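Examining the three-dimensional arrangement
So you can see what is in the structure, the chains are spelled out below.
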Number of protein chains: 2
Amino acid sequence: MAKGRTEIAEYGEFGLIDHLAEGFKPQCKSTICGVGDDAAVIEASKDKAIVVSTDSMLEGVDFDLTYFPPKHLGYKAVTKGISDVVAMNATPEQITIALGVSSKISVEFLEDFYAGVAFACKEAGVDMVGGDTSASVTGLTITVTAVGRAKRSDIAYRSGAKMHDLICLTGNLGASYLGLRLLERERYVLEGVDNPQPQFEGYEYLLERYLKPRARYDVVESLRKAKIVPTSMIDLTDGLASEVMQICKASKCGARIYLERMPLAKQTTAFAEEINMDPVVAALNGGEDYELLFTVPLERREEIMSLGCVDIIGHITAEESGAALVTPDGKEIALQAQGFVRERHKE
Amino acid sequence: MAKGRTEIAEYGEFGLIDHLAEGFKPQCKSTICGVGDDAAVIEASKDKAIVVSTDSMLEGVDFDLTYFPPKHLGYKAVTKGISDVVAMNATPEQITIALGVSSKISVEFLEDFYAGVAFACKEAGVDMVGGDTSASVTGLTITVTAVGRAKRSDIAYRSGAKMHDLICLTGNLGASYLGLRLLERERYVLEGVDNPQPQFEGYEYLLERYLKPRARYDVVESLRKAKIVPTSMIDLTDGLASEVMQICKASKCGARIYLERMPLAKQTTAFAEEINMDPVVAALNGGEDYELLFTVPLERREEIMSLGCVDIIGHITAEESGAALVTPDGKEIALQAQGFVRERHKE
């Protein structure tokens, strides 16, 4: 059933915000006042610290509307926002969303976008407590600010990794990046074709990892239950190499990652093979996995293994030794970070 | 002395963030961890609530780089962000800044921008605790999230205005809008002129109000000292008419504003006269004044008057009577809101 197209101007700013905020009812005890005033009000408590993070997604750089359904985009924006709070070993509880909306965006698009936001919020137990919608003369811009809470002693900074600590990783790597490559391939192949039918069969997992990644708040919960506080923690947004190096830089240490322990999904290796790419490159530099990389003291090894959702992929070494990947034959390859520079070169 | 131009790619994302964050040292006791990790960490306390707000400024809609110096832009972005926290009668303490940066923006531009941010932060006693810098393929986008704290019983929502309450206003109205009109006039006149020399003499105040407005955190402080908690409060971003109507809508009440009590600066009326505009129109619909509109019970009249920085411009009436402007001869003119729709029509 085709939906109509309603121009945003028909609502006006205030009507639109009211309309879009309808589906959002607070779920968190700490949310005192959500959307509808100058600012949101959140309850503080003496034994918990507040954690705040902001992240943007810009059309043409971070997403392409030709293959990003608005509902998925809303979901992913929430994931991206709360993942940074999760990476502090804190529980995300509130988000605000600031949108810059160009005239090509309809009310129906925003409804779908916010349906995705609402879905992700419900799943994660997070409240959408505020926002700002501005006219944009250029593309769609999305900025999510996430607020979370944690006992101050539970907060995991990037800077606490110690010599001999185990390097732990949730989930698997590179699938999101290959999902993007798959989407780009189909777009290229089908350019100019009427009623295009892209071929994604067998690679649905890669698409899901790119279009609808989930932040690992479940792992924060598991760690809390197991009474494990990581010595350092970071989320995987720019690929494993970059994040390991961030931990090393902040903690003034080195690291060894074992190539054969790097978790890769079956579809990741299969599609990488199909496009003649080394899946390890996708894992190291691909980005947007939203998994957690963290360190724990050596003696917590058994407890970490018993969590089930975590792999031990290496260990922390002395600063002078640098950060390196160790191949099965014992060769060491120095890690190299990418990040923003890569994005700009993609322009 | 002309500055050179350094491309952002020379720094890379991580180097750039480190470089720009250098000038920011925490000033607030509640800032546990600022820039440099996945998220900022803020101390909570049992008797205070946390207030959070997000606001965007987009190039081509909210500002024009041909006449907005980067330092002023940084200053104003902070003002816009913290003004919403102030409007809850809370004290702003932290901000995060997310930037979308196009390739025309140099490192020197960002240095100046952040110098303005740092200046505004220092003045307001606020810490810049985090940020995100992304490549933008379109224009410059700025999103500021502000965090503040207040005793829960001190928080002023939009919804608490009661019948017969006095309507109070800080500062004066319309100057910012006329500052923008002045800048646009000079740009138009000087288009194509080599080495243009715009004529701003006598109107410096209007320029300052547009390019470098200050949030009224000083008023929150004065109210606290005088033990006055407004029954409702809002900041003036879209013009007086729109904000009075927001209070009326949220508080289910009407309002009467007296035309002759509307505070206008000398330069505002002078420049309005020069361009054949009614200064009252600028005051009602101009926007970006960042003054505070609030209500207090009738019996606080003397205390409000003694603050010195506040005018009483009207009073709250029954909902059925609506929101209206009362002229000196007793005529009533219904108020009309503008906001987003106006912005879109400006495109």
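Scroll up to find the structure.
All values reported here derive from a predicted model rather than from experimental measurement. (Residues numbered from 1 in each chain as written. Chains lettered and ligands numbered in written order. Predicted model: local features only at pLDDT ≥ 70, side-chain atom pairs only at ≥ 80, totals over all residues. Heavy atoms only, no water.)

Let's shift gears to the relation of the copies chain A and chain B. Each copy superposes on the other: chain A lies on chain B with an RMSD of 0.0 Å after a rotation of 180° and an axial shift of 0.0 Å. The transformation just described matches what one would write down for a two-fold rotation axis. A share of 100% of the interface residues of chain A reappears at the interface of chain B, consistent with the copies meeting face to face through the same patch. (Least-squares fit on C-alpha atoms with pLDDT ≥ 70 in both. Contact = heavy atoms within 4.5 Å.)

Moving on, we get to unusual backbone geometry. The phi torsion at K227 of chain A lies on the positive side, around 55°, for a residue other than glycine. For Y290 of chain B, which is not a glycine, the phi torsion comes out positive at approximately 55°. Examined against the element boundaries, Y290 of chain B turns out to sit in the loop between α9 (279-285) and β10 (292-296). (Helix = DSSP H or I, 4+ residues; strand = E, 2+ residues; numbered from the N terminus.)

Where interface size is given, it is often the accessible area lost as the parts come together that is meant. Counting from both sides, the interface comprises 70 residues of chain A and, opposite them, 70 residues of chain B. Of the roughly 5,900 Å² buried at the junction of chain A and chain B (both faces included), carbon and sulfur atoms supply 58%. At the boundary of chain A and chain B, one finds six salt bridges. Across the salt bridge formed by D38 of chain B and R158 of chain A, the nearest N and O atoms sit 2.9 Å from each other. Here chain A is connected to chain B by 18 residue pairs in polar contact (both at pLDDT 80 or more). With 10 residues, strand β3 (residues 48-58) of chain A is the largest single contributor of residues to the side of chain A that touches chain B. For the side of chain A that touches chain B, a count of residues per class yields 29 nonpolar, 23 polar and 18 charged. Both β3 of chain A and strand β2 (residues 40-43) of chain B contribute to a ladder of four bridges, which runs antiparallel. Paired with I50 of chain A across the two strands is I42 of chain B, which belongs to β2 of chain B. (Buried area = accessible area lost by both parts, 1.4 Å probe. Salt bridge = Lys/Arg side-chain N within 4 Å of Asp/Glu carboxyl O. Polar contact = N/O pair within 3.5 Å; in protein donor to acceptor, adjacent residues only side chain to side chain. Nonpolar A, V, L, I, M, F, W, Y, C, P; charged D, E, K, R; others polar. Pairing = 2+ DSSP bridges.)

Our next topic: the sheet that holds strand β11 (residues 310-317) of chain B. In sheet architecture, strand pairing relies on hydrogen bonds along the backbone and comes in two forms, parallel and antiparallel. Residues and elements named next belong to chain B. With mixed pairing, the seven strands of this open sheet are ordered in space as β8-β10-β7-β11-β9-β12-β13. A single partner strand is all that each edge strand has here, and the edge strands are β8 (232-235) and β13 (332-334). In this sheet, adjacent strand axes meet at a mean angle of 25° when their direction is disregarded. Here β8 runs beside β10; their pairing, made up of four bridges, is antiparallel. Looking across to β10, one finds that S232 is bridged to T295. (Axes fitted to C-alpha atoms, helices over the stretch in contact; angles between N-to-C directions.)

Residues and elements named next belong to chain A. For S134, the location among the structural elements is in strand β5 (residues 127-135). The exposure class assigned to S134 is buried, which follows from its relative accessible area of 9%. A polar contact of 3.4 Å, which involves the side chain of S134, links it to the side chain of D132. (Buried < 20%, exposed > 50% of the residue type's maximum accessible area, 1.4 Å probe, protein only.)

Our focus in this paragraph is the sheet that holds strand β1 (residues 31-33) of chain A. Ordered by their spatial adjacency, six strands build an open sheet running β1(A)-β2(A)-β3(B)-β6(B)-β4(B)-β5(B), and the pairing between neighbours is mixed. A single partner strand is all that each edge strand has here, and the edge strands are β1 of chain A together with β5 (127-135) of chain B. Taking the axes of each pair of neighbouring strands and ignoring which way they run, one obtains an average angle of 20° across the sheet. Pairing of strand β3 (residues 48-58) of chain B with strand β6 (residues 141-151) of chain B involves 11 bridges; the strand directions are antiparallel. The residue bridging V52 of chain B from the neighbouring strand is V147 of chain B, located in β6 of chain B. Where helix α3 (residues 107-124) of chain B meets the sheet, its contacts fall on β4 (91-101), β5 and β6 of chain B, and the angle it forms with β4 of chain B comes to roughly 170°.

Let us look at the packing of aromatic side chains. Centre-to-centre distance and the angle between the planes together describe a pair of aromatic rings. Counting across every chain of the model gives eight aromatic pairs over all chains. A ring pair is formed by Y75 of chain B and F119 of chain B, whose centres lie 6.1 Å apart and whose planes are at 40°; its orientation type is tilted. Here F119 of chain B lies in helix α3 and Y75 of chain B lies in helix α2 (residues 70-86), a separation of 44 residues in the sequence. Their ring planes at 65° and their centres at 5.0 Å tell us that Y203 of chain B and F271 of chain B sit as a pair that is edge-to-face. Placement of the pair is Y203 of chain B in the loop between α4 (175-190) and α5 (204-211) and F271 of chain B in helix α8 (residues 266-274), with a sequence separation of 68 residues. With relative accessibility at 13%, the residue Y203 of chain B sits in the buried group. Against the face of Y75 of chain A rests K212 of chain A, its NZ or CZ located 4.9 Å from the ring centre. (Phe/Tyr/Trp six-rings, centres within 6.5 Å; stacked < 30°, edge-to-face > 60°. Lys NZ or Arg CZ within 6 Å of the ring centre and 35° of its normal.)

Attention shifts here to the pattern of salt bridges. Under the counting rule described, the total for this entry stands at 32 salt bridges over all chains. A salt bridge links R224 of chain A to E221 of chain A, with the shortest nitrogen-to-oxygen separation between them at 3.9 Å. A residue pair is termed a helical-turn pair when its members lie 3 or 4 positions apart in one helix, as R224 of chain A and E221 of chain A do in helix α6 (residues 217-225) at three residues. Judged by relative accessible area, which is 35%, R224 of chain A ranks as partly exposed. R187 of chain B is the salt-bridge partner of D64 of chain B, the closest N and O atoms lying 2.4 Å from each other. With D64 of chain B in the loop between β3 and α2 and R187 of chain B in helix α4, this residue pair connects regions lying 123 residues apart in the sequence. Among the ionic contacts, a cluster of salt bridges with common partners joins R209, R216, D218 and E291 of chain A.

All names here are of chain A. Extensive coverage of strand β4 (residues 91-101) is indicated by the burial of 10 of its 11 residues. Bridge count between β4 and strand β6 (residues 141-151): nine bridges; the pairing is antiparallel. Following the sheet pairing, I95 is matched in β6 by A146. Two strands pair when backbone bridges link them, and β4 and β5 are joined in this way by eight bridges, in the parallel orientation. Its bridge partner lying in β5, Q94 is registered against D127. Handedness of the crossover joining β4 and β5 through helix α3 (residues 107-124): right-handed. (Right-handed = clockwise from strand over helix to strand, strands pointing away.)

It is worth stressing that arrangement in space is one thing and function is another; only the former is reported here.
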